[in-house]
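The primary structure of each chain is shown beneath.
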Amino acid sequence: MKLPKRIIFLAVFVFLIQILTAAGQDRVKTAEGLVEGTGRQDSGVRIFRGIPFAQPPVGAFRWREPQKPKKWKGVRKATDFGPRCMQQPVFSDMVFRSDGLSEDCLYLNVWTPAEKKNERRPVLVYFYGGGFIAGDGSELRYDGESMATRGIVAVTLSYRLGPYGFLAHPELTKESPHKASGNYGLLDQAAAIDWVRRNIAAFGGDPGKITIAGESAGSFSVSAQMASPLSKNLISSAIGESGSVLSHPAANRIVPLAEAEKEGEKFAKSLGAETLKDLRALTTEQIQEATKNPWKWRFPLAVDGYFFPESPLKIYAEGRQSHVPLLVGWNSEESNWRGILGDQEPTPENYEAALKKLYGEKSAEVLKLYPGETREEVIDSATALAGDRFIGYSTWKWFDMHVLTGDSPVYRYFYARPRPALNADKTAPTSKGAVHSAEIEYAMGNLATNKVFAWTPDDYKVSEVMQGFFANFIKTGNPNGTGLPDWPAAEKGKPFSVMRIDVESGAETATGRDRYLFLDKN
């Protein structure tokens, strides 16, 4: 039977209207112009990738504070991740979805569950880890879709790394309107927070309810943003996973600007760059070649008088950090016993000798705090000490100072779930505890994206609890909620509770303060 032309025309018209309507739902008007995302997923989440939050930091903008993005005409496709910032392939657990490497890398990604732009959902802005030399917002473990299904607008971003992100130099300081140099990666993060503040309402987010979070260098970044006048008043809460800028002297990489400038001058001279003009004339390939060994050049964070008006330690000690709720913690095996003993066997004799080498006449005091009378005890204590020196102490210091000088709730966790067997050959992991970065997929609800490990029902149980805590905290500033163990906030003058996160999670009295007070002075 032949259909009348009028019915065919009507069907085509309705079909076109549906297409145009769907396209309209995928489009969001930012301050700079229209972006079109990937459309609503089966999860109900809409995704927008590769949105510029600053102008490309190239040419005259290389080693400059990020500049606000230019406006564009028409519709900008936001379906693919932007390039990741220049770096070397350092960490094997980083799985990127970005469009290659480039100095032009200041882009962010948005996952939103909102159906209408006036919904005002809470916002999560997540900073990746990687020692400030590697990482990217496109990594699978940071994917925001799972968080978005819990009613949160999730944002990841890229920030400059290595020499591109942290090179200080006297000529850069001189040309700066703020008389500061270095810290460009931190300034990128601050610019991204500002972009979110200005634009996230168009994606259904609440610009007055922004939680910043991160792991390792990302956690350092959260503590830094809380101390900086550029961003501390733009956030409503913060999450730190393993690390802060309040570092132990053994791991400290925060120095006065003049010292950071000297490091920058050494780097410039190693490349034959006598002037700032010479530095900016260097090709990306030349800089990459010079940093082929990324551990040779480690550019410190600088107390530059702008991002950090004073040392972060002084800012926190005087209570001038952002007074927002903080959820913070670290893992049970942040480092290995070999971090203390090296290639030596973990015998009591070798352990005592290693402590004498590190602490001299105070080694007997360390031995009381981290005892080692048997091989097993040496392994446990050396692992604890190595982890504390690496990152546990700095996280504790952040927690402790925010409790003592802040006026907002602080929640501390201890993550103890070891990763399961490897997926390929079911080989059991070599670590007894939760290694550095092990909690990320659990916290973000992304276990299924990591094909390396043979996740078990217990792992998904842990993830449900940890992500539940994080999601509640992002929404309310309090991790507690239905179906979760009770998590008391720390209170001044009272024994602190810590939430132990494992297959069986629960609050317990915090221990180890005497260890951290010792490390505070040594």
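Located above this text is the structure these notes cover.
Residues numbered from 1 in each chain as written. Predicted model: local features only at pLDDT ≥ 70, side-chain atom pairs only at ≥ 80, totals over all residues. Heavy atoms only, no water.

Quick look at the overall build of the protein chain
And step 1. For the protein chain, the helix and strand inventory stands at 17 helices and 15 strands.
And step 2. Taking 2.2 N^0.38 as the reference for a compact globule, 522 residues should give roughly 24 Å; the C-alpha atoms of the protein chain span a radius of gyration of 24 Å, in line with that estimate.
And step 3. The principal-axis extent of the C-alpha atoms belonging to the protein chain is close to 95 × 60 × 50 Å.
And step 4. Evaluated residue by residue, the protein chain yields a buried proportion of 55% over its 522 residues.
And step 5. Residue pairs at least 24 apart in sequence account for 76% of intrachain contacts in the protein chain once pairs closer than 6 positions are excluded.
And step 6. Put simply, the protein chain shows about 22,300 Å² of open surface, and 53% of that area lies on carbon and sulfur atoms.
And step 7. Across the protein chain, the mean location of the 64 positive side-chain charges is 8 Å away from that of the 62 negative side-chain charges. (Helix = DSSP H or I, 4+ residues; strand = E, 2+ residues; numbered from the N terminus. Rg over C-alpha atoms; globule rule 2.2 N^0.38 Å. Buried < 20%, exposed > 50% of the residue type's maximum accessible area, 1.4 Å probe, protein only. Contact = heavy atoms within 4.5 Å. Areas by Shrake-Rupley, 256 points an atom, 1.4 Å probe, with all protein chains shown as cover. Lys, Arg positive; Asp, Glu negative; His and termini not counted. Charge placed at Lys NZ, Arg CZ, Asp CG, Glu CD.)

Here we look at the pattern of salt bridges
And step 1. What the rule picks out here adds up to 30 salt bridges.
And step 2. The shortest N-O distance in the salt bridge between glutamate 65 and arginine 64 comes to 3.4 Å.
And step 3. Across the salt bridge formed by lysine 397 and aspartate 520, the nearest N and O atoms sit 3.1 Å from each other. With lysine 397 in helix H14 (residues 375–405) and aspartate 520 in helix H17 (residues 513–521), this residue pair connects regions lying 123 residues apart in the sequence.
And step 4. Overall, the relative accessible area of 11% leaves lysine 397 in the buried class. (Salt bridge = Lys/Arg side-chain N within 4 Å of Asp/Glu carboxyl O.)

Observations concerning the pairing of strand S15 (residues 506–509)
And step 1. The sheet contact formed by strand S14 (residues 497–501) and S15 spans four bridges and is antiparallel. Opposite methionine 499, over in S15, you have alanine 507 as the bridge partner.
And step 2. A loop of four residues connects S14 with S15, the two strands running antiparallel in sequence. (Pairing = 2+ DSSP bridges.)

Examining helix H6 (residues 217–227)
And step 1. A large share of H6 lies buried, amounting to eleven of its eleven residues.
And step 2. Residues of H6 that are buried: Ala217, Gly218, Ser219, Phe220, Ser221, Val222, Ser223, Ala224, Gln225, Met226 and Ala227.

So yeah, pure geometry; function would need other evidence.
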